[in-house]
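As a plain string of letters, each chain reads:
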Amino acid sequence: MWLLVAFILVPLIEIALFINVGGAIGLWPTLAIVVITAVIGSNLVRSQGAREMSRLKQSFNDLNDPTEPLANGAMILFAGALLLTPGLFTDAVGFALLVPPVRAAAFRWVRQRVNVVEFGTPRPQHPQRADVIDGDFEVVDDGPRKPSGWTRPDDGPRGH
């Protein structure tokens, strides 16, 4: 339902703003504002997106929670889409999402309303050693086996 309301309200807001701003400053200045905000916005999106990618990589390297850099990256991507969409309202919302305190507030707001359940495999026992691989195995003795072609002919059933 919220998506339907957004698809109806956003174009109406854009049309009203174009009419009012265009009437106040003229057609060409209004169009120039839309083009200039798209150019400035794409440069800001590129620089902030690169910064968030490096934060995301660092959080993966440090085995930290990557939720915040991922959310910031998603908001920056959404801001870029809004800034490339012709319109004054979408440009204002896009620029707002490029302001780090606004993104932090949006992240806190969403985090309070989302219930995160963690599951999966536990962290490795030896995160400081790259040459350690933890694993479980079970020896199954089915009796004599035919060679699979993946072992040397002189290997026995258990790799002797």
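Preceding block: the structure.
Residues numbered from 1 in each chain as written. Predicted model: local features only at pLDDT ≥ 70, side-chain atom pairs only at ≥ 80, totals over all residues. Heavy atoms only, no water.

Q: I would appreciate a short explanation of the overall build of the chain in the present structure.
A: A tally of regular secondary structure across the chain gives five helices and zero strands. The N-to-C order of helical and strand elements in the chain reads α-α-α-α-α. By residue count, 19% of the 160 residues in the chain fall in the buried class. A fraction of 54% describes how many contacts in the chain between residues 6 or more apart in sequence connect residues 24 or more apart. Of the roughly 12700 Å² of accessible surface on the chain, a fraction of 66% belongs to carbon and sulfur atoms. (Helix = DSSP H or I, 4+ residues; strand = E, 2+ residues; numbered from the N terminus. Buried < 20%, exposed > 50% of the residue type's maximum accessible area, 1.4 Å probe, protein only. Contact = heavy atoms within 4.5 Å. Areas by Shrake-Rupley, 256 points an atom, 1.4 Å probe, with all protein chains shown as cover.)

Q: For this particular structure, what's the right way to read the environment of Lys 57?
A: Here Lys 57 shows up in helix H2 (residues 27-61). The class of Lys 57 is exposed, set by a relative accessible area of 54%. Through-space distance from the C-alpha of Lys 57 to that of Pro 69 is 9.1 Å; in sequence the pair is twelve residues apart.

Q: Explain the pattern of salt bridges here, please?
A: Side-chain pairs of opposite charge can arise whenever the charged atoms involved come near each other. Inspection of the entire model under this criterion finds two salt bridges. Across the pair Arg 55 and Glu 52 runs a salt bridge whose closest N-O atoms are separated by 3.1 Å. On the criterion of helical spacing, the pair formed by Arg 55 and Glu 52 is a turn pair, its members being three residues apart in helix H2. Arg 111 is the salt-bridge partner of Asp 65, the closest N and O atoms lying 3.5 Å from each other. Within this pair, whereas Asp 65 is found in the loop between H2 and helix H3 (67-84), its partner Arg 111 is found in helix H5 (residues 100-113), the two being separated by 46 residues in sequence. (Salt bridge = Lys/Arg side-chain N within 4 Å of Asp/Glu carboxyl O.)

Q: What is the right way to read the packing of H3 against helix H4 (residues 88-97) from this model?
A: Two measures define how a pair of helices packs: the angle their axes make with one another and the distance between the axes. At a minimum axis separation of 8 Å, H3 and H4 run at an interaxial angle of 155 degrees. Taken together, the axis directions place H3 and H4 in an arrangement best described as roughly antiparallel. Judged by the twist between their axes, the crossing of H3 over H4 is left-handed. Note on element contacts: H4 touches H3 through Thr 90, Asp 91, Val 93, Gly 94, Phe 95 and Leu 97, opposite Met 75, Phe 78, Ala 79, Leu 82 and Leu 83. Its residues placed into classes, the contact of H3 with H4 shows eight nonpolar, two polar and one charged. (Axes fitted to C-alpha atoms, helices over the stretch in contact; angles between N-to-C directions. Parallel < 35°, antiparallel > 145°, perpendicular 65-115°, else oblique. Left-handed = near helix turned anticlockwise from the far one by under 90°. Nonpolar A, V, L, I, M, F, W, Y, C, P; charged D, E, K, R; others polar.)

Q: I'm lost on a nonpolar patch on the surface in this one. Help?
A: Taken together, the side chains of Met 1, Leu 4, Val 5, Ile 8, Leu 9, Leu 12 and Ile 13 make up a nonpolar region of the molecular surface, amounting to roughly 670 Å² of accessible area. Here Ile 13 lies in helix H1 (residues 2-25). Residue Ile 13 is classed as partly exposed on the basis of its relative accessible area, which comes to 31%. (Patch = residues over 30% accessible without salt bridge, like charges linked within 9 Å, V, L, I, M, F, W, Y side chains within 5 Å.)

Q: Sorry, what's going on with the nonpolar core here?
A: Among soluble globular proteins, nonpolar side chains are generally buried collectively. Formed by Val 45, Ala 71, Met 75, Ile 76, Ala 79, Leu 82, Leu 83, Leu 97, Leu 98 and Phe 107, the largest nonpolar core amounts to ten residues. The leading source of residues in this core is H3, at six residues. Dropping the residues within four chain positions of it, Leu 83 is found in contact with Thr 37, Ala 38, Gly 41, Val 45, Asp 91, Gly 94, Phe 95 and Leu 98. (Core = buried A, V, L, I, M, F, W, Y, C linked by side-chain atoms within 4.5 Å.)

Q: It is not clear to me how the environment of Glu 52 should be interpreted in this structure. Could you clarify?
A: Glu 52 sits in the buried class, given a relative accessible area of 6%. Distance in space between the C-alpha atoms of Glu 52 and Glu 68 is 9.4 Å, their sequence separation being 16 residues.

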